[in-house]
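Tertiary structure, described
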Amino acid sequence: MSDSRSAASPWSGDAEEFVRIDEVVKIYDDTVAVQSVSLSVRRHETFALLGSSGSGKSTLLRMLAGFEEVTSGRIYLDNEDITDLPPYRRPVNMMFQSYALFPHMSIEANVAFGLKQEGVAKNEIHERVFEALDLVQMAGYARRKPHQLSGGQQQRVALARSLVKRPKLLLLDEPMSALDKKIRQKTQVELARILEQVGVTCIMVTHDQEEAMTMADRLAVMSEGQIVQCGTPQDVYAFPNSRFVAGFIGSTNLFTGTIVVDAADHILIESADLSRPLHVSHGVSEPLGMEVHVSIRPENIRILREQPGTEDNWGHGMVSHVAWLGSYARYQIRLDSGMALEATVHSLALAQADAPGLDDEVYVVWSSDSVTVLPS
């Protein structure tokens, strides 16, 4: 995201390490929910904790908010140790999955509630409430009650209520889970724009990889209470460090094979799923004879009716399923070995060619530089 924040913003500051999680552990009875997690988040960054249910991401978020005690380790915010501070003393605000709006209050009163509790002057409350509602484009709904709003509008009000207190750190817990898919996609972009405009540092929890990829500057993939990979969405997608991450972030095709040639500029991998060695245009750290896994993203696979040249990586099979999804089609190819391989083809390419149909015999082709080799 580009940095378009004004120096006059109440949330402005230098781009630097802002949140530091240092060897944090959380244990419930005999269950280790979070295992020695260390993480840094920069000022103004939107950071996503991504993982499936039970991965430890929500527990980590709740420890940041102060709703869960840390078993061991420390949490720092803007160079202050907040590990032992109660939630009400932390310059942190959390937007919950359910939005938690008061049904009997107007939108204006909902957003003003926290400021009134803090004893802020009435004229300042009015100014800050409408500043926050303007930011989320909800000022015209100030007199309505929550039940008179759509799910997307309620979500924006909840965001305004979180931002009106001008927290140093904003925590979002599954912020889009209550919205249907079409509204969710639109709201992701809107929310990312608002967070960038405000300049607040944000950590969000989600199980939705598309949401994390759309909104976050960086993300951490969690599994079994640990961070298994951290980086920009582009890096984690293009260069997964394990089979788990490759399969969790987007769709991928995984082959298992053995390194049979290890040259300076390429390797060859033999796999039972392919009739010829798979060529990879880079070296790897694994030695000759080592079993490895190979990840190839569906969008990197082309489908041909004619056998490709000998220099290509290719396989032969039959179309077993086609799903037409508007801008692209998702093909499933049953290779001669029996492996099911997925390929996505843009609609424009299909329109310009003789598109294969169900049960057609085809060849699948991919370049040697589109392959990611993963350790077993």
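Residues numbered from 1 in each chain as written. Predicted model: local features only at pLDDT ≥ 70, side-chain atom pairs only at ≥ 80, totals over all residues. Heavy atoms only, no water.

Enumeration over the complete set of coordinates arrives at 14 salt bridges. For Arg62, the salt bridge goes to Glu68, with nearest N and O atoms at 3.5 Å. In this structure Arg62 comes out as partly exposed when scored by relative accessible area, which is 31%. Measuring nitrogen to oxygen at the nearest pair gives 3.1 Å for the salt bridge that ties Asp78 to Lys168. Placement of Asp78 in the loop between strand 4 (72-77) and strand 5 (80-81) and of Lys168 in the loop between helix 4 (151-163) and strand 7 (169-173) is noted, with a sequence separation of 90 residues between them. Connected through salt bridges with shared partners, the residues Glu17, Arg20 and Asp22 form a single ionic network. (Salt bridge = Lys/Arg side-chain N within 4 Å of Asp/Glu carboxyl O. Buried < 20%, exposed > 50% of the residue type's maximum accessible area, 1.4 Å probe, protein only. Helix = DSSP H or I, 4+ residues; strand = E, 2+ residues; numbered from the N terminus.)

Let's shift gears to empty space enclosed by the protein. Applying the stated criterion across every chain, the model contains one cavity of 30 Å³ or more. Volume-wise, the largest cavity comes out at about 30 Å³. Contributing to the lining of the largest cavity are Gln155, Arg156, Leu159, Thr187, Glu190, Leu191 and Ile194. Residue assignment for the lining of the largest cavity shows that the elements contributing at least two residues are helix 4 and helix 5 (181-198). (1 Å grid on protein atoms, 1.4 Å probe; cavity = no way out; pocket = protein on both sides within 12 Å on 5 of 7 lines; lining within 4 Å. Points joined across faces, edges and corners; volume = space filled by probe spheres on them.)

For the rest of this paragraph, the subject is the packing of helix 2 (residues 107-117) against helix 4. Two numbers describe a pair of packed helices, the interaxial angle and the distance between the axes. Running from N to C, helix 2 and helix 4 cross one another at 30°; their axes reach a closest spacing of 8 Å. The pairing of helix 2 with helix 4 is recorded here as roughly parallel in orientation. The element helix 2 and its partner helix 4 pack so that their crossing is right-handed. Contacts between helix 2 and helix 4 involve Ile107, Asn110 and Val111 from the former and Val157, Ala160 and Arg161 from the latter. Of the residues belonging to the contact of helix 2 with helix 4, the class tally is four nonpolar, one polar and one charged. (Axes fitted to C-alpha atoms, helices over the stretch in contact; angles between N-to-C directions. Parallel < 35°, antiparallel > 145°, perpendicular 65-115°, else oblique. Left-handed = near helix turned anticlockwise from the far one by under 90°. Contact = heavy atoms within 4.5 Å. Nonpolar A, V, L, I, M, F, W, Y, C, P; charged D, E, K, R; others polar.)

Scanning the model with the defined rule gives five aromatic pairs in all. The ring of Tyr76 carries Arg20 above its face, with NZ or CZ at 4.3 Å from the centroid. The ring of Tyr237 carries the charged tip of Arg297 above its face, separated from the ring centre by 4.0 Å. (Phe/Tyr/Trp six-rings, centres within 6.5 Å; stacked < 30°, edge-to-face > 60°. Lys NZ or Arg CZ within 6 Å of the ring centre and 35° of its normal.)

So, about the layout of surface pockets. There is about 690 Å³ of room inside the largest pocket. Forming the boundary of the largest pocket are 25 residues, of which Phe67, Val92, Asn93, Met94 and Lys165 lie nearest the centre. Elements represented by at least two residues in the lining of the largest pocket include exactly strand 6 (92-95), helix 2 and helix 4. Its residues assigned to classes, the lining of the largest pocket shows 15 nonpolar, five polar and five charged. Its volume calculated, the second largest pocket comes out at about 500 Å³. What lines the second largest pocket is a set of 15 residues, and nearest its centre among them are Gln209, Gly250, Ser251, Tyr328 and Arg330. Per-element accounting of the lining of the second largest pocket gives the leading share, four residues, to helix 6 (residues 209-215). Partitioned by chemical class, the residues of the lining of the second largest pocket number four nonpolar, six polar and five charged.

All right, on to the confidence of the model for the chain then. Per-residue confidence for the chain gives a mean pLDDT of 88; residues scoring 70 or more make up 95%. In the model of the chain, helix 9 (residues 347-351) stands out as the element of lowest mean pLDDT, 75, in contrast to strand 4, which has the highest, 97. pLDDT under 50 marks residues 1-15. Its contacts with residues more than four places away, or in other chains, come to 28 contacts. (pLDDT = per-residue confidence, 0-100.)

Let's shift gears to the state of the cysteines. Note on terminology: disulfide describes a covalent bond linking the sulfur atoms of two cysteines. Under the counting rule described, the total for this entry stands at zero disulfides. Cysteine Cys202 is unpaired, with the sulfur of Cys230 as its nearest cysteine sulfur at 15 Å. On the accessibility criterion, Cys230 (35% relative accessible area) is partly exposed. (Disulfide = S-S within 2.5 Å.)

On to the nonpolar core, then. By size, the foremost hydrophobic cluster in this structure holds 46 residues, and its most contacted members are Val129, Leu133, Leu159, Leu163, Leu170, Leu172 and Leu195. Aside from chain neighbours lying at most four places away, what touches Leu133 is Ile107, Val111, Met138, Ala139, Ala142 and Ala160. Within the second largest apolar cluster, 29 residues are counted, among which are Ile259, Val280, Ile301 and Val362. (Core = buried A, V, L, I, M, F, W, Y, C linked by side-chain atoms within 4.5 Å.)

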